[in-house]
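If you want the building blocks of each chain, they are given just below.
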Amino acid sequence: MSLPAAAVPSGAAATAPARGRVLPSAMPYLQALPLWLVMGVFLLIPIATIVMVSFWEDQETGLAPTFILDNYRDVFATQVTFTTYLSTLRYAAIVWVSTLAIGFTVAYVLAFHIRSTLWQMVLFQVCAVPFLTSNVIRMISWIPFLGRNGLLNSTLIGLHITDHPLEFLLFSPFAVVLTFVHLYALFMVVPIFNTMMRIDRSLIEAALDAGARPIEVLRHVIIPLSLPGIAIGTIFVVTLVMGDFVTVQMMSGGQSASVGLLIKNEISLLQYPEAAAHAVILLLTVLMMVWAILRVVDIRKEL
Amino acid sequence: MEKSGPRHWLLLILFALFVIFLYGPTLTIFILSFQGPDGGLTFPMRGVSIYWFQNLFEPQMVGDFGGSLERSLSLALIAPSLVGVALFGFSLSYDEFSRTIMAAGSDNTLPLEVFAMTTNVTTPVLYALGSMTTLFSFAVVITVTLTVLAMRRKRGAKLAG
C-alpha cells in the first residue's frame, strides 16, 4: 500500500452507487460523460480528421477535399515504405527484447530482493527520476559519452582495448537502440513491478515448501502472474518506438529511417494527405500489434 | 525468496548496473556543464567554472513547465496513491516534444528550446540547461515523496490517537 501506484488506471472509482435527484438509470451515463467528451475532443475527432485528410487530394493550389485513394496507392507503390517499416519494426523488436530483459530483472529485484518497503520506495524513485527529465536531454547526454573523443572511446584506448576510436558507437543504429532502451526501460519496469507486488507471497512460499527450486518458482509462479505487467510494458515500449522520430533522427545522425521520421518529413514538405495516409497505416499497424498482444495476455484480469 | 547468498548479490549488482546505466550519461553532462569558459562539448575539462550556468540565464529562456508542475503537485496532495499517475502526467507534459514541435506557434517550450540548441549551440551551455532540468526534476520528486511521507505519518498518528 505504501508503494507508488503505477500507470494502470483503476476502474473501481467509476462504479460508485448512483445517488442524487437525477434519474438513477441516467447516472452511469452522466458519470461517463466527461471521459467521453475528453476522448471525443482530444482523440476521436483528431483521428477522424487524419483519416479524412488521407483521402484528400494534394493540388498545387492547396488541399482539395475529395475522396481519392492515390495517397494510399503512393504509400504502397514505393519500396521505401517497406524498407522503412522493416527498419522501424527491427528497432521495435530489439528494443522490446532489451527492455523486457532489463525491466523484468529490475522489477524482480525491487519486488522480491529488497527487504524494507521504505527502501523499495526509495529505489523505485531512483529509477523513476531520470524518466522525469527531458527526453531530448537524456538523448544528447549520450553524445559526449559515445562520441569519437567521448568518454567510452578514451577509456577503451586508455585501457589499450582498442588503438583507434570506435566509430559505430555514435550516430549509428547501435546508438539509436541504446538510447531507446535508456529512454523506455522504465515503461517496462513500472507495470511489471506493479503486477509483481500484487503476487500473493504465500503462493511463493507454498511453491518453495512443495520443493520447487527458486528458478522453478520464477518460471511457474512469478512469470505467469507477471504476464499482464509484461503485456502493458510491451504495449508502451512498442508503440513508443513505432511512432518515434526524434530519437532516430538525432542518434542515427540522419542515417537511419523510421516511419515516424517519414511522416515528419512529409509534414515538413506540406504533403499533408500523404502524411495522413502514412499515419493511418502506421496507426492500423500499431493497433494490430496491440490487439495481438492483448490476444496473448488477458490484462483485464489484472486491472 | 532467499535474501542472501550469491544469487541475491548478483541481482543487487545487476540493479546497481541499471542505475549506473540510467545516471551515467546524465552525470557526464553534469560534469561537462562545469567546463571552463574555453571548454567544448567533450572532454577534457578546460578548467572548472559556473560560466555556462551564468551564460544560460543571459538570453531569455521560455518554458511552460511551471503550470504542469503546479498541477501535478496538487494532484499528489489530493491522493497520495495517485503519485505514480501524477508523475506520469507531469513527465509527459514537461517533456512534450513530438507534439509541440508540430503544434506550437511562436511560443517556445523547454523541450523545443533544447532541441533547437542541439542543432545550433556548440557550447556547454546546452549541458548547463540539461543539468538544471535534471536537478529540477530531482527537487520535484523529493518534495512529492517527502510530502507523501509526512501525510502518511500524520494520518498514522491520527489513527493511533
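Placed above this text is the structure.
In this text the structure is predicted, and so the values were computed from the model without any measurement. (Residues numbered from 1 in each chain as written. Chains lettered and ligands numbered in written order. Predicted model: local features only at pLDDT ≥ 70, side-chain atom pairs only at ≥ 80, totals over all residues. Heavy atoms only, no water.)

A count of helical and extended segments in chain B gives seven helices and zero strands. Listed N to C, the secondary structure of chain B is α-α-α-α-α-α-α in terms of helices and strands. Within the span of chain B, comprising 161 residues, buried residues form 40% of the whole. Considering only intrachain contacts with a sequence separation of at least 6, the fraction spanning at least 24 residues in chain B is 51%. (Helix = DSSP H or I, 4+ residues; strand = E, 2+ residues; numbered from the N terminus. Buried < 20%, exposed > 50% of the residue type's maximum accessible area, 1.4 Å probe, protein only. Contact = heavy atoms within 4.5 Å.)

One broad trend across soluble globular proteins is that nonpolar side chains are buried collectively. Within the largest apolar cluster, 89 residues are counted, with the highest numbers of intra-cluster contacts made by Met-196 and Ile-222 of chain A. Ranked by the residues each element gives to this core, the list is headed by helix α8 (residues 173-198) of chain A, at 17 residues. With sequence-adjacent residues up to four places away left out, Ile-222 of chain A is seen in contact with Phe-104, Tyr-108, Phe-112, Met-196, Ile-199, Ile-204 and Val-217 of chain A. Core analysis: the second largest hydrophobic core is formed by six residues, Trp-52, Val-125, Ala-128 and Leu-129 of chain B among them. (Core = buried A, V, L, I, M, F, W, Y, C linked by side-chain atoms within 4.5 Å.)

Quick look at the pattern of salt bridges now. All names here are of chain A. Within this structure, the stated rule accounts for two salt bridges over all chains. One salt bridge connects Asp-70 with Arg-73, and the closest N-O pair in it is separated by 3.6 Å. Placement of both Asp-70 and Arg-73 in helix α2 (residues 70-77) is noted, with a separation of three residues, approximately one turn of the helix. You can call Arg-73 exposed: its relative accessible area is 55%. In this structure, Glu-216 engages Arg-213 in a salt bridge whose closest nitrogen and oxygen atoms are separated by 3.4 Å. (Salt bridge = Lys/Arg side-chain N within 4 Å of Asp/Glu carboxyl O.)

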